[in-house]
Amino acid sequence: MRYRHALRACFLLVTLFVSLWASAASAQVTLPASAGSQLDLVQPLQVHNGREEPRNILEEADEHWQLVSQRLPNFGFRDQALWFRFSVRNGTEGEVREKLNIDNPPLDFIAIYRLENGELERIGKSGDMLSISQRSTPHRKHVFDIELEPGETASYFLRVVSEGPVNLPIALLTQDEFVTCDQEDLVLQALYIGIMVCMLIYNLVIYQFTREKSFLFYVLYVGSYLCFQVSLHGMGAQFLWPTQTEWNNLAIPLFTLLSCVFGPLFCYQFLQLDQHHRWLGKLLLGISAASLIGALLAPFISYSTGVIIGLAVGVTLPLLMMGAGILRWMNGFFPAKIFTIAWAAFMLGTLAINLAMMDILPLNSLTLNGAQFGSVLEVLLLSLALASRMRTQRNEHFQLQEQSLEKEREAHELKNEFLQRLQMEVDARTSQLKSTLETLELKNIELRASHRQALARSDSKSHFLARVSHELRTPLNGIFSYAQMLKQSSLDQIQNEQVNTIESSSRQLIGLIDDLLDISRFEAGQLVLDHRHFDLSRCLNYTLSQLAPTAYAKGLELALVLDPEIPQFINGDEARLSQLLTNLVGNGIKFTKRGGVRVECRIRNRTGDLCELELVVRDTGIGMTRSQQDALLEQLRQPADAQPELQGEGLGLLICKKLATAMGGNIELESTLHRGTAFSARVKAEAAGPPIIDNRASLSYRVGLLENSKLCDGELKNILLSIGFEVVELDPLLPDTRRPLDAVVIGLDCNGDNSNPDDTPAFGGARRLLLASTIDEQCLREISNRWRGPCLSRREKTQAIGDALVRLIEEAASARSCAVLAGKRIALIEDSPVVRKFLATTIEATGATVDATKNAVELAEFQPEVVLVGQQPDTPEAVACLESAVEAGASVIVMSNEDRPQQIRYGVEIFTTVSKPVTSADLLGALRDCIRQRASVLSGA
């Protein structure tokens, strides 16, 4: 039963092959005249290979013409036209009308000529490049009418041009023979198409139910091959696309390549080559991919190139797929047998037509349509193979189900046996557990008693620490207060140093007591965090300003870099956050001898108003080994192998860890020995406002920044940006040559008091503001005198730095205005005495001559260079005076409440508009620009 399909397929193959040979006797056909033709062949078919035009072909000698002896002439690919000629005679007593039939639809162009009075006259045309309506006979094949009078002899010439292979199956048929052959061919093609479409629909329906990819690829392969056969035999040109001549040329190579795309995919999926013979599967997938590329390029390459590629792949693929089927057959995969026989049938049909063309097999309908017969048999067998594969898979599925049920029964038996043994063990362990529980209950009673005693001792310890701390604070506060009083009295240097030592020791002892109190609160669970609204940047700046004296006294840099995305205001415990930062920065200052400490604040995550802040304190100190890092946060003292002068109790770091945990975060540590340490503290807070970047003001000043401290890189830039300045970072070796700077901010490092001002470029003469790493007033004055410019501490408030810069810029602008306006004549037209007095006072301070009038009529005698108009001329006389002043060369500046300036107002052209209320800077700037432009115009004239 398993081999029934294979035996039927073999029987069909043998029957087909025997029928080919049995038809040999009836297949002898005389070309170009059929057995029923009434015309006599006077001159046999001859061929001439040349490019001659019809008027020149008659001049060719006979030796240039070759006799065509094949029954199915095949001239391969030709890049030039082929000429054929033959002569026939009507030996009957009546008129004869027959058909010249060329059964090769893909030929591009055929023209038939008749020799009349020594000249060739074209009597018909046909070809694949012509639509059906353009052909002499509207037929899928190339058909021409041959008409001869009684006793007439005629010579005919054929000119054939084609990009594809030139095959010329030519025959002379009577009208009845032509109709009979055409009907038989139509029936054969309809039968072929019907079988292929039925198999396609049948397997497509199966695919819809099973979703098996093999059926999909089979349907696609059958569909593309069917389209190829329809195009090859002219059925598409006659019935589907009779007017689309370009598609006639494209369809054959396109569908050939598509068949070579889906055929390997079907073979790969059907034979399961992803699991067996993977190398062969990869080869088939590669051929499929190459064919797909060829199909996509088919519209852009020549017809001959596409046909050659399709033939090359089409000859190779059946051999490879039949070889794959044989290999799987040998592996015991039963459907592979039918698969192999199917491809053998296809190859046999293709071989039959090729042998017929070589005169080895007889030429008849079976051999001429061998590819179609082979493909029909192939499709039927492949469909049977798919059905066999489905049945095999179903049987395997049933076997797997039976095996699964058997294993399930075995598992159930093992489960019951295991449960029985488990029940016995549970009973035994239950008795042991009861005795153990009784013992544990006694132990729990003892533990609870011990826990109560430990809590009592812990409460006593916390109470003792709090009481001792309070008692110690009272005398310490007295010592600290009297040390402050002694510092204010007249002491010599030694006494002053002794008092400073007392004050410093008192501070350290008070800090240690505060740490002990905090630890006792943590252990007792009494620490409660506040939830208040405060300015985050102000809190961080203030904390670092308190630590600045200690850092600067050691010659260390201290920098604070704020991420512009952090919120300006948050809700949280400001004091505890400051304490956390104080301990971390103080620890960094303590363990750093050179360099400095850099604090960075950035936002890690933000969801709505809830955000996670990260404080990174990075120093350039002694660093730690890996073992010291692992133990640091878990101990109450510094590592034992630390330097003696740097050892301590480590309470500050322990408090930092507990504070970060209480704020919903943690502390991480990174350190490299002799290179520095970085503590990263993450805390959660509630944002109470937009980011810092959204709260910036907008100033029109352009400030250059020259930072000499690498550790403080980014600090001053963020400060200036937060104030609202446009910041340009400068290179001392490459001064900025773009728009002039309004001022330059120079950040000095911890050695800034020893810097040489002459080593810094002038930057276009812009005034400089110095920011030094010190808070000592005497040192700041010395740096200011040396640099001949104002100097502030880096830890100065942001507002103070902004005010100093604005004041510096305005002073420079005022000085420039005085130099330009000195001696100039400026007229004022303003009816308000208060505003008129303000404007006159401001302008006269620059050295200019001012004529303050109420209206434009009084301008005639003053002859101003600039007219400042704050009141609209209300009379024709005033307008005329203003026009005459402009004609005399005066420029007009208008003070207006309008946002957008106008070029024409009051009937005269104005220079610019100054918005009210008018500031001194805006007024002097407009006058200065106006005078400069006036001078430029006059010098150019």
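By the naming in an unreviewed UniProt entry, the protein is histidine kinase, taken from Biformimicrobium ophioploci. Looking at the Catalytic activity (unreviewed entry) heading of the UniProt record, one finds this comment for the protein: "ATP + protein L-histidine = ADP + protein N-phospho-L-histidine."

It is not clear to me how the overall build of the protein should be interpreted in this structure. Could you clarify?
Counting its secondary structure elements, the protein contains 22 helices and 30 strands. Taking all contacts inside the protein whose residues are at least 6 apart in sequence as the whole, residues at least 24 apart take part in 72%. Surface summary for the protein: the accessible area is close to 49,400 Å², and the carbon and sulfur share equals 55%.

Help me understand the packing of aromatic side chains in this model?
Two numbers describe a pair of aromatic rings. These are the distance of the centres and the angle of the planes. Inspection of every chain in the model, using the stated rule, returns eleven aromatic pairs. Considering the side-chain rings of Trp 65 and Phe 157, the 5.9 Å spacing of their centres and the 70° angle between planes classify their relative orientation as edge-to-face. Taken together, the positions of Trp 65 in the loop between α2 (54–57) and β2 (66–67) and Phe 157 in strand β9 (residues 153–161) put the pair 92 residues apart, joining distant regions of the chain. Of the two residues examined, Trp 65 and Phe 157, each falls in the buried class. Between Phe 270 and Phe 339 the ring centres are 5.5 Å apart and the planes differ by 20°, which places this aromatic pair in the stacked class. Of this pair, Phe 270 sits in helix α6 (residues 245–270) while Phe 339 sits in helix α9 (residues 335–357), and the two are 69 residues apart along the sequence. Put simply, the rings of Tyr 218, Phe 266, Phe 270 and Phe 339 pair up and form one aromatic cluster.

I keep staring at the side chain of Arg 682 and nothing clicks. Help me out?
Relative to the assigned elements, Arg 682 resides in strand β18 (residues 676–687). The contacts of Arg 682, once residues within four sequence positions are left out, are Arg 604, Glu 612, Leu 613, Glu 614, Ala 660, Gly 665 and Asn 666.

Sorry if this is basic, but what is going on with the pairing of strand β21 (residues 743–747) here?
Looking down a regular strand, the side chains alternate between one sheet face and the other. In terms of burial, β21 is a largely internal element, five of the five residues being buried. Of the two faces of β21, the one lined by Ala 743, Val 745 and Gly 747 and the one lined by Val 744 and Ile 746 are each fully buried. Where strand β19 (residues 702–707) meets β21, five bridges bridge the pair, whose relative direction is parallel. Within β21, the residue paired with Glu 707 across the bridge is Gly 747. One ladder, built from five bridges, connects β21 with strand β22 (residues 767–772); its direction is parallel. Pairing of Ala 743 across the sheet is with Arg 767, part of β22.

What's the story with the sheet that holds strand β11 (residues 170–174) in this structure? I'm lost.
Note: strands within a sheet are paired through backbone hydrogen bonds, in either parallel or antiparallel orientation. Taken in spatial order, the three strands line up as β8-β5-β11 in an open sheet, and their pairing is antiparallel. Looking at the sheet topology across the chains shown, the edges are occupied by β8 (142–148) and β11. Adjacent strand axes in the sheet meet at a mean angle of 30°, parallel and antiparallel pairs treated alike. Here strand β5 (residues 96–102) runs beside β11; their pairing, made up of five bridges, is antiparallel. Pairing of Glu 98 across the sheet is with Thr 174, part of β11. Packing against the sheet, helix α3 (residues 175–210) makes contact with β5, β8 and β11, and its axis sits at approximately 115° to β11.

Is there a simple way to explain helix α7 (residues 278–297) in this structure?
Count 3.6 residues to each turn of an α-helix, and residues three or four apart come out pointing the same way. Over its 20 residues, α7 runs 29 Å from end to end, which matches the ideal 28 Å to within 8%, given 1.5 Å per residue. Along α7, the residues classified as buried are Leu 280, Gly 281, Leu 284, Ile 287, Ser 288, Ser 291, Gly 294 and Ala 295. Along the axis of α7, the buried positions cluster into a sector of 145°, meaning they face one direction only. Among the exposed residues of α7, those oriented more than 90 degrees off its buried face are Arg 278, Trp 279, Lys 282, Ile 293 and Leu 296.

Mind showing me how you'd approach the sheet that holds β19 here?
Spatially, five strands are ordered β20-β19-β21-β22-β23 in an open sheet, and the strand pairing comes out parallel. The outermost strands of the open sheet, each flanked by one partner alone, are β20 (726–729) and β23 (791–793). For this sheet, the mean angle separating the axes of adjacent strands, direction not counted, is 25°. Pairing of β22 with β23 involves three bridges; the strand directions are parallel. In the sheet register, Leu 770 faces β23, and the bridge partner there is Cys 791. Along the sheet face, helix α17 (residues 715–723) touches β19, β20, β21 and β22 and points at about 165° away from the line of β19.

Sorry if this is basic, but what is going on with the confidence of the model for the protein here?
Detailed reading of predicted coordinates is not advised where the pLDDT is low. In the predicted model, the protein carries a mean pLDDT of 77, and 79% of its residues have values of at least 70. Between the elements of the protein, mean pLDDT differs from a low of 45, seen in helix α1 (residues 4–22), to a high of 90, seen in strand β16 (residues 610–619). Long-range and interchain partners of residues 16–32, a stretch whose pLDDT sits below 50, account for 27 contacts in this model, where long-range means more than four residues apart. The low-confidence segment residues 900–904 (pLDDT under 50) makes seven contacts with residues lying over four places distant or belonging to another chain.

Just checking my understanding: could you explain a negative patch on the surface for this structure?
Side chains of Asp 776, Glu 777, Glu 782 and Glu 796 sit close together on the surface and give a patch of like negative charge. One can find Glu 796 in the loop between β23 and α19 (798–821).

Which parts of the structure should I look at to understand α17?
Inspection of α17 places Glu 715, Leu 716, Asn 718, Ile 719, Leu 720 and Ile 723 among the buried residues, and these make up the whole buried set. Trailing α17 by a residue or two, Gly 724 shows a phi angle of about 120°, which is positive.

Please explain the environment of Glu 98 as it appears in this structure.
Checked against the element boundaries, Glu 98 lands in strand β5. The class for Glu 98 is buried, based on a relative accessible area of 2%. Residues Glu 98 and Phe 144 lie 46 residues apart in sequence; the distance between their C-alpha atoms is 8.5 Å.

Help me out: how do you make sense of the nonpolar core in this one?
One broad trend across soluble globular proteins is that nonpolar side chains are buried collectively. Core analysis: the largest hydrophobic core is formed by 65 residues, its most contacted members being Tyr 218, Leu 271 and Phe 339. For this core, the secondary-structure elements that each account for two or more residues are α3, α4 (213–232), α5 (235–240), α6, α7, α8 (303–330), α9 and α11 (370–488). Among the elements that line this core, the one with the most residues is α6, at 14 residues. Filtering out sequence-adjacent residues up to four positions away, Tyr 218 remains in contact with Met 199, Asn 203, Phe 266, Val 379, Leu 382, Ser 383 and Leu 386. Grouped together as the second largest cluster of nonpolar side chains are 44 residues, Cys 611, Leu 659, Ala 681 and Ala 685 included.

Is there a simple way to explain the pattern of salt bridges in this structure?
Opposite charge on two side chains allows them to pair when their charged atoms are near. Overall, the coordinates contain 24 salt bridges when judged by the stated rule. Between Asp 185 and Lys 141 there is a salt bridge whose closest N-O contact spans 3.8 Å. In this pair, Asp 185 is assigned in helix α3 and Lys 141 in the loop between β7 (119–126) and β8, connecting sequence segments 44 residues apart. Each member of the pair Asp 185 and Lys 141 is classed as buried. Taking the shortest distance from any N to any O, the salt bridge between Arg 598 and Glu 600 comes out at 2.8 Å. Across this residue pair, the class does not change: Arg 598 and Glu 600 are buried.

Hey, could you run me through the packing of α4 against α6 in this one?
Think of two packed helices as two axes; the pair is described by the angle between the axes and how far apart they sit. For the pair α4 and α6, the least separation of the axes is 8 Å and the interaxial angle reads 155°. On the basis of their axis angle, the class for α4 and α6 is roughly antiparallel. Note that α4 runs across α6; the crossing there is left-handed. For the pair formed by α4 and α6, the contact residues are Lys 213, Ser 214, Phe 217, Tyr 218, Leu 220, Tyr 221, Ser 224, Tyr 225, Cys 227, Phe 228, Ser 231 and Leu 232 on the first element and Ala 251, Ile 252, Phe 255, Thr 256, Leu 258, Ser 259, Phe 262, Gly 263, Leu 265, Phe 266, Gln 269 and Phe 270 on the second. In terms of residue class, the contact of α4 with α6 is built from 16 nonpolar, seven polar and one charged.

How do you make sense of the packing of α3 against α4 when you look at a structure like this?
Remark: α3 packs on α4, axes separated minimally by 9 Å, with the N-to-C direction vectors making an angle of 160°. When the axis of α3 is compared with that of α4, the two are roughly antiparallel. Every pair of crossing elements has a handedness; the one defined by α3 and α4 is left-handed. Within the contact between the two elements, α3 uses Tyr 192, Ile 193, Met 196, Val 197, Met 199, Leu 200, Asn 203, Leu 204, Ile 206, Tyr 207 and Thr 210 and α4 uses Phe 215, Leu 216, Tyr 218, Val 219, Val 222, Gly 223, Tyr 225, Leu 226, Gln 229 and Val 230.

Parameters and conventions
- Residues numbered from 1 in each chain as written.
- Predicted model: local features only at pLDDT ≥ 70, side-chain atom pairs only at ≥ 80, totals over all residues.
- Heavy atoms only, no water.
- UniProt positions renumbered as here; feature names shortened; annotations may be inferred.
- Helix = DSSP H or I, 4+ residues; strand = E, 2+ residues; numbered from the N terminus.
- Contact = heavy atoms within 4.5 Å.
- Areas by Shrake-Rupley, 256 points an atom, 1.4 Å probe, with all protein chains shown as cover.
- Phe/Tyr/Trp six-rings, centres within 6.5 Å; stacked < 30°, edge-to-face > 60°.
- Buried < 20%, exposed > 50% of the residue type's maximum accessible area, 1.4 Å probe, protein only.
- Pairing = 2+ DSSP bridges.
- Axes fitted to C-alpha atoms, helices over the stretch in contact; angles between N-to-C directions.
- Expected span 1.5 Å × (residues − 1).
- Arc of directions from axis to C-beta.
- pLDDT = per-residue confidence, 0-100.
- Patch = residues over 30% accessible without salt bridge, like charges linked within 9 Å, V, L, I, M, F, W, Y side chains within 5 Å.
- Salt bridge = Lys/Arg side-chain N within 4 Å of Asp/Glu carboxyl O.
- Lys, Arg positive; Asp, Glu negative; His and termini not counted.
- Charge placed at Lys NZ, Arg CZ, Asp CG, Glu CD.
- Core = buried A, V, L, I, M, F, W, Y, C linked by side-chain atoms within 4.5 Å.
- Parallel < 35°, antiparallel > 145°, perpendicular 65-115°, else oblique.
- Left-handed = near helix turned anticlockwise from the far one by under 90°.
- Nonpolar A, V, L, I, M, F, W, Y, C, P; charged D, E, K, R; others polar.

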